[in-house]
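# Remarks on the overall topology
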Amino acid sequence: MNKKNQNINFTPSRRLLTITLLITFLFIFVISKLMYVQVISSEKLQVKAFDQWTRELPLKANRGNIVDSNGVKLTENLSLYSVYVRPNAVKNPVEVAKVLATYLSLDYKKLYEKITTQKSSEITIKKQVPKEIMKELASKKLDGVYFSTDIKRYYPYGDVLSQVLGFTNVDATGQTGIEAYYNKYLMGLDGKKLTETDLIGQQINGGNLYIPAVDGCDVRITIDINIQKFVEKIVKETYLIKEAKRVSCVVLNPKNSEILAMSEVPSFDLNEVPRDNIPELFKMSKNNLVSSVYEPGSTFKIITSAIGIENNVFPDDHKFYCNGSKIVDGDKIRCWKSKGHGEQTFSDGVKNSCNCVFMETALKTGVDTYYKYLEKFGILNKSGVDMVGEASAIYLKPETVKTVDLARIGFGQAIAVTPLSLINSVATVINGGINHTPHIVKNIYDPNLNKYAYKYEEKNDRRVISKSTTDKLLPMLERVVTEGSGKPCYIPGYRIGGKTGTAQKYENGSIARGKYISSFVGFAPLLDPEYLVLFIVDEPQGLYYGSQVCAPPVGELFQNIFNYKSISPEFTEKDFEVIGEKFAMPNIIGMDYNEARYLMYKLGLHYEVDGDGDKIINQYPQENTMIDKRYSVMLYT
């Protein structure tokens, strides 16, 4: 009964259908696999096969050059060579190891072991070999030894622009500065020399296939190497004379925020990078003008002045009174002149750099309005400069600012900014009120396509203050140079504006006694500024006021720029009044303070005071030093 039922239910067609489906599936799988191999992956597999049957040597692309605004080369490429060995092609390893060790100053035993034991198809023996040595090796006709072109970066000006240009590694890849920031444009595309080999890696007789290298693009920067040389000389001299921790300077075109010069010492020779001392290299290669912040002190008063004038916080005839300090929220905040400036106008306050005037201006403006303008100036944010490692300002959030904090911010304390951010904000003040993005690259030229790969175009310029504010403030900043602390920067026949700064340094949250940052911001020509300079001396020894430490070097720099650019002086009677004839510095030691102050007034000399006493105990310059009215006298009480 069961057998009958089984026979009745058996259907051969079902099994046949199953087998047919299985065969069809296998057929489709095989066809799909063939399609994948022959069509979809054919190119990839061809490349893989080609790679297995060939050996390649790199053909190094020439790195693009960095040139200044006038087209002067700031970098060059030295043609060197790399030496390779293909172990499978070496017939006499002893001879090869001996010759290479001798000419390349390598260890024979290690080299022999590398050639005879390593399973790599190709071994890099040494890079950046001079052409003369390469020729000597090539004349030996060693089996299995090959050469390829290599590049070594060379900097014709040595330690000039060290932190700006940056440097490359042994493979000519940018590590710091412009070399790193614009590396993708500069580096180019390496080529290859391909040699066909057999199954065990030995060369098959026949031709080589060359894939040519594509050279990198040339980067033209805004730096003027002639102005840069002036800056470098003055910065280095000041560093040595003042025995400072650091001296730095940046020159900006305020009309478009092009960086014309940028220097900092200590620095290093870009052709002799101290790679064996990484911490020291990091410290010296850091561009502190962009990557570090500091309390700017009185140079920041230019910003407070502009904000106060723009918002009409005081009528033009308003009188301020300075008795040497101001009480804010119960705190006594001193003016730099502890004896006080007495009654003065706003213009007098700018000339005298009176802290009390700028405290009142900031407080009258109010936190919300003051911070709104700091934001508009770009001080609270990164400027967007095309340089590595730009830092952000350190500041109190508006909602946490107390009255005493705002008073201090008004004269450049309780806020830390980068030097570049500060000078760019000053550029906005003096150029008529337009904020531009500071930048260091003009354009990038691709020689392979014979066209520009990049051109700088201003995208974020915006009006911050009115031109009328600029027009009111410029004559006040000129008074700083003709009558105030900036007199050492004065040059007969030229109208220059500026502002000195002297800020105490803080360490571990408290004032570091005897440590200062001296600075000076200067610009010219006054009514149509083309050159804006920020000069900073960190921890000068001896005299530390910005008027005595920084204003004289900036005056020297302006004179060099005027000569270089053939900007002729236009003399007026005022030039004689500002400078006068030379005379011998009188002895004022032992004088009463008021008596000495009156004498300085009669002689037309600007003076700074160190101390709170009533008697003069020392002076600078010393008695009988020949001076004119541009000298800033130091009275020690």
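Anyway, here's the lowdown on the structure attached to this text. What you see is a predicted model, and the numbers here were worked out from it, not measured in a lab. (Residues numbered from 1 in each chain as written. Predicted model: local features only at pLDDT ≥ 70, side-chain atom pairs only at ≥ 80, totals over all residues. Heavy atoms only, no water.)

## What to know about the overall build of the protein chain
Put simply, the rule reads: Helix and strand definitions follow DSSP, with helices as H or I runs of at least four residues and strands as E runs of at least two, each counted in order from the N terminus. With C-alpha atoms as the basis for the radius of gyration, the globule rule is written as 2.2 Å multiplied by the number of residues raised to the power 0.38. Note on exposure labels: buried denotes an accessible area under 20% of the residue type's maximum, exposed denotes more than 50%, and partly exposed covers the range between, all computed with a 1.4 Å probe on protein chains only. Per-residue accessibility takes into account occlusion by the displayed protein chains alone, with areas from the Shrake-Rupley method and a 1.4 Å probe. We treat Lys and Arg as the positive residues and Asp and Glu as the negative residues; His and chain ends play no part in the count. Here the site of a charge means NZ on Lys, CZ on Arg, CG on Asp, or CD on Glu.
Helices and strands together make up the secondary structure of the protein chain, namely 23 helices and 28 strands. Here the C-alpha radius of gyration of the protein chain, 35 Å, is well above what a compact globule of 637 residues would show, namely 26 Å. When its C-alpha atoms are laid out on the principal axes, the protein chain stretches across 130 × 85 × 45 Å. Here the protein chain, with 637 residues, has 49% of them falling under the buried criterion. A total accessible area of about 31200 Å² is found for the protein chain, and carbon and sulfur atoms account for 52% of it. In the protein chain, 78 side chains carry a positive charge and 72 a negative one; their mean positions are 8 Å apart.

## Here we look at the packing of aromatic side chains
What counts is decided by this rule: Here a Phe, Tyr or Trp ring, Trp counted by its six-membered ring, pairs with any other such ring whose centre lies within 6.5 Å, and the pair is stacked when the planes are under 30 degrees apart, edge-to-face when over 60, and tilted otherwise.
The full count for this structure, using the stated rule, is 16 aromatic pairs. Arranged with centres 6.1 Å apart and planes meeting at 75 degrees, the rings of Phe-167 and Phe-268 form a pair that is edge-to-face. Of this pair, Phe-167 sits in the loop between helix 7 (162–165) and helix 8 (177–181) while Phe-268 sits in the loop between strand 10 (258–265) and helix 11 (278–285), and the two are 101 residues apart along the sequence. Take Phe-167: its relative accessible area is 5%, and that puts it in the buried class. Taking the relative accessible area as the measure of exposure, Phe-268 reaches 6% and is therefore buried. Seen in terms of ring centroids, Phe-320 and Phe-346 are 6.2 Å apart; in terms of plane orientation they differ by 45 degrees. Their pairing is tilted. Taken together, the residues Phe-320 in strand 11 (residues 320–322) and Phe-346 in helix 14 (residues 346–352) connect sequence positions 26 residues apart.

## Looking at the side chain of His-439
Going by this rule: Between N or O atoms, a polar contact is any pair within 3.5 Å; within protein, one atom must be a potential hydrogen donor and the other a potential acceptor, and residues adjacent in sequence are included only when both atoms are from side chains. In what follows, a contact means two residues having at least one pair of non-hydrogen atoms within 4.5 Å.
When you line up the elements, His-439 lands in the loop between strand 17 (434–435) and strand 18 (441–446). A polar contact of 3.0 Å, which involves the side chain of His-439, links it to the backbone oxygen of Thr-437. In contact with His-439, other than residues within four places in its own chain, are Thr-222, Asn-256, Ser-257, Glu-258, Ile-259, Val-385, Asp-386 and Tyr-456.

## A closer look at the environment of His-341
Mapping His-341 onto the fold places it in the loop between strand 13 (331–334) and strand 14 (342–344). With 16 residues separating them along the chain, His-341 and Ser-325 place their C-alpha atoms 9.9 Å apart. Beyond its immediate stretch of four places on either side in the chain, His-341 contacts Cys-322, Cys-335, Trp-336, Asn-352 and Cys-354.

## Concerning the sheet that holds strand 4 (residues 123–129)
The test is simple: In this description, strands pair whenever DSSP reports at least two bridges between them. To get an axis, fit a line to the C-alpha atoms, keeping to the stretch in contact for a helix; angles then go from 0 to 180 degrees between the N-to-C directions.
Read from one edge of the open sheet, three strands run 4-3-5, paired in antiparallel fashion. The two strands at the open ends of the sheet, each matched to only one other strand, are strand 4 and strand 5 (145–154). Strand after strand, the sheet turns through a mean of 25 degrees between neighbouring axes, direction not considered. When strand 3 (residues 76–85) meets strand 4, the two strands line up antiparallel, connected through four bridges. For Tyr-84, the partnering residue across the bridge sits in strand 4 and is Thr-124.

## Looking at the sheet that holds strand 23 (residues 531–538)
On the basis of which strands lie adjacent, the open sheet formed by five strands has the order 10-9-23-22-21 and antiparallel pairing. On the outer flanks of this sheet lie strand 10 and strand 21 (497–507), each paired with one strand and no other. Put simply, the sheet's adjacent strands are angled 15 degrees from each other on average, direction ignored. Pairing between strand 21 and strand 22 (residues 510–524): ten bridges, direction antiparallel. Opposite Gly-497, over in strand 22, you have Phe-523 as the bridge partner. Across the sheet, helix 18 (residues 419–430) touches strand 9 (246–253), strand 10, strand 22 and strand 23, and the angle it forms with strand 23 is around 145 degrees. Lying on the sheet, helix 19 (residues 467–482) is in contact with strand 21 and strand 22; it crosses strand 21 at an angle near 75 degrees.

## Some thoughts on a nonpolar patch on the surface
So the rule is basically this: Nonpolar side chains (Val, Leu, Ile, Met, Phe, Trp, Tyr) are joined into patches within 5 Å and like charges within 9 Å, using only residues with over 30% relative accessible area and no salt bridge. Salt bridge criterion: a side-chain nitrogen from Lys or Arg within 4 Å of a carboxyl oxygen from Asp or Glu.
A cluster of nonpolar side chains, contributed by Leu-22, Phe-25, Leu-26, Phe-27, Ile-28, Phe-29, Val-30, Ile-31, Leu-34 and Met-35, occupies part of the molecular surface with about 1000 Å² of accessible area. Looking at the element boundaries, Leu-22 is found in helix 2 (residues 12–40). For Leu-22, a relative accessible area of 51% corresponds to the exposed category.

## Concerning the nonpolar core
As a reminder, the rule being used: Here, the term nonpolar core denotes a set of buried Ala, Val, Leu, Ile, Met, Phe, Trp, Tyr and Cys residues that are joined through side-chain atoms within 4.5 Å.
Membership of the largest hydrophobic core comes to 91 residues, with the highest contact counts inside it found for Ile-221 and Ile-259. The element contributing the most residues to this core is helix 18, with seven residues. Counting 33 residues, the second largest nonpolar core, distinct from the first, contains Tyr-490, Tyr-531, Val-537 and Ala-551.

## Things to note about the pattern of salt bridges
Summed over the entire model, instances satisfying the criterion amount to 21 salt bridges. Linking Lys-283 and Glu-280 is a salt bridge whose minimum nitrogen-to-oxygen distance equals 3.7 Å. Residue Lys-283 and its partner Glu-280 are both found in helix 11; the two are separated by three residues, about one turn of the helix. Look at Glu-280 and you get partly exposed, because its relative accessible area is 29%. For the salt bridge of Arg-630 with Asp-628, the shortest nitrogen-to-oxygen distance reads 3.1 Å. Via salt bridges that share partners, Arg-246, Glu-264, Lys-505, Asp-538 and Glu-539 belong to a single interconnected network.

## Comments concerning the packing of helix 15 (residues 355–365) against helix 17 (residues 403–410)
Rules: Comment on the angle field: the value is read as roughly parallel under 35 degrees, roughly antiparallel over 145, roughly perpendicular from 65 to 115, and oblique elsewhere. Note on convention: the crossing is left-handed when the near helix lies turned anticlockwise from the far helix by less than a right angle, right-handed when the turn is clockwise. Polarity classes work like this: nonpolar for Ala, Val, Leu, Ile, Met, Phe, Trp, Tyr, Cys and Pro, charged for Asp, Glu, Lys and Arg, and polar for all others, with Gly in that last group.
Look at helix 15 against helix 17: their axes get within 7 Å of each other, and the N-to-C directions meet at 125 degrees. Judged on the interaxial angle alone, helix 17 and helix 15 are oblique. The hand of the helix 15/helix 17 crossing is right-handed. Along its contact with helix 15, which presents Phe-358, Met-359, Ala-362 and Leu-363, the element helix 17 presents Thr-403, Leu-406, Ala-407 and Gly-410. By residue class, the composition of the contact of helix 15 with helix 17 is six nonpolar, two polar and no charged.

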